[in-house]
Amino acid sequence: MMAKLKSPLVVTVLGVTISVALGVVLCWRAAQPLIATALAQRPKPAVDHENKAKGWDFWTIEIENLSNELKEERLQLHKRSDLLDQREARILAEQKELGKVRADVERLRREIAEKVIEVSADEAKNIRSLSQTYTNLSPKAVVAIFKEMDDMTTVKILSLMKPDVIGPIFEEMSRSTGADGPLARRAAVLSEKLRLMKSAKSPS
């Protein structure tokens, strides 16, 4: 063993090995501060706070596509909801307008029913008799009687008179005055009711 250690080749190899090892140790000690500085200066990876708020620290193209699809579906739902609200508002407005039309029709029906005067079978004989009696009176006398009658009875009597008899009576009324002032206005009202009465009796 000692003979081998004394060999020049072995001594040379050991010397080279020791030198290399010593060089490595010295280099490592010298490089440690440089390595620490480089690690300290290395930029840290950016933190995706938006993804952290969503509950994960990663984001892929598949998740991006899914998020976009959900946003689009939510937008479509909002649009459909707005359309339904608009349609409901339009239906309510139409129903309200239809209610007004029905109310107007009912009001007109009542007004027409009030304006159109009918002679019942029971009173037809008496009305005809009065009509014939007043036909033989002067227009002035008839007007004086009509002043004491309501419009409905007056129109019923006038409806059974001939036009050439009614004309002078209305003319006399236009020149006369009643408790409420000139009778010309009442003559116009009686004329309109008489027209409606005869129109209702006309065959369709």
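Residues numbered from 1 in each chain as written. Predicted model: local features only at pLDDT ≥ 70, side-chain atom pairs only at ≥ 80, totals over all residues. Heavy atoms only, no water.

### Regarding the overall build of the protein chain
Check the secondary structure of the protein chain and you find 9 helices and 2 strands. If you list the helices and strands of the protein chain from N to C, you get α-α-α-α-α-α-α-α-β-β-α. Counting only residues that meet the buried cut, the protein chain has 16% of its 204 residues in that class. In the protein chain, the share of contacts with a sequence separation of at least 24, taken over all contacts with a separation of at least 6, comes to 62%. With an accessible surface of roughly 16200 Å², the protein chain has 60% of that area assigned to carbon and sulfur atoms. (Helix = DSSP H or I, 4+ residues; strand = E, 2+ residues; numbered from the N terminus. Buried < 20%, exposed > 50% of the residue type's maximum accessible area, 1.4 Å probe, protein only. Contact = heavy atoms within 4.5 Å. Areas by Shrake-Rupley, 256 points an atom, 1.4 Å probe, with all protein chains shown as cover.)

### Some points on the confidence of the model for the protein chain
Predicted confidence across the protein chain gives a mean pLDDT of 76, with 66% of residues reaching 70 or more. Mean pLDDT per element in the protein chain: helix 1 (residues 2–5) is the minimum at 51, and helix 6 (residues 139–146) is the maximum at 92. (pLDDT = per-residue confidence, 0-100.)

### Some remarks on helix 7 (residues 151–159)
Residues of helix 7 that are buried include every one of Thr154, Val155, Lys156, Ile157, Leu158 and Ser159, and no others. Capping the start of helix 7 is the job of one residue whose side-chain oxygen sits 3.1 Å from the backbone nitrogen of Met152: Asp150. (Polar contact = N/O pair within 3.5 Å; in protein donor to acceptor, adjacent residues only side chain to side chain.)

### Focus on the pattern of salt bridges
Per the stated rule, a full pass over the model turns up 5 salt bridges. Of the charged contacts, one joins Asp151 and Lys193 as a salt bridge, the two residues approaching to 3.8 Å between their closest N and O atoms. Of this pair, Asp151 sits in helix 7 while Lys193 sits in helix 9 (residues 184–201), and the two are 42 residues apart along the sequence. Judged by its relative accessible area of 24%, Asp151 falls in the partly exposed class. Its relative accessible area of 22% is what places Lys193 among the partly exposed residues. Through salt bridges that share partners, Asp151, Arg186 and Lys193 make up one connected network. (Salt bridge = Lys/Arg side-chain N within 4 Å of Asp/Glu carboxyl O.)

### Looking at the environment of Leu190
You can see Leu190 is positioned in helix 9. Residue Leu190 is classed as buried on the basis of its relative accessible area, which comes to 0%. Sequence separation between Leu190 and Asp151 is 39 residues, and the spatial gap between their C-alpha atoms is 6.8 Å. With near-sequence residues (within four places) excluded, Leu190 lies in contact with Asp151, Thr154, Val155, Leu158, Phe170 and Met173.

### As for helix 8 (residues 163–175)
Look at helix 8: 19 Å from first C-alpha to last across 13 residues, which is about the 18 Å you get at 1.5 Å a residue. When helix 8 is considered as a whole, its buried residues turn out to be Ile166, Ile169, Phe170, Glu172 and Met173. The buried side chains of helix 8 occupy one side of the element, clustering within an arc of 160° when seen end-on. Of the residues in helix 8, the exposed ones pointing more than 90 degrees away from the buried face are Asp164 and Arg175. (Expected span 1.5 Å × (residues − 1). Arc of directions from axis to C-beta.)

### Some points on the nonpolar core
Core analysis: the largest hydrophobic core is formed by 19 residues, its most contacted members being Phe146, Leu158, Ile169 and Met173. For this core, the secondary-structure elements that each account for two or more residues are helix 5 (121–135), helix 6, helix 7, helix 8 and helix 9. (Core = buried A, V, L, I, M, F, W, Y, C linked by side-chain atoms within 4.5 Å.)

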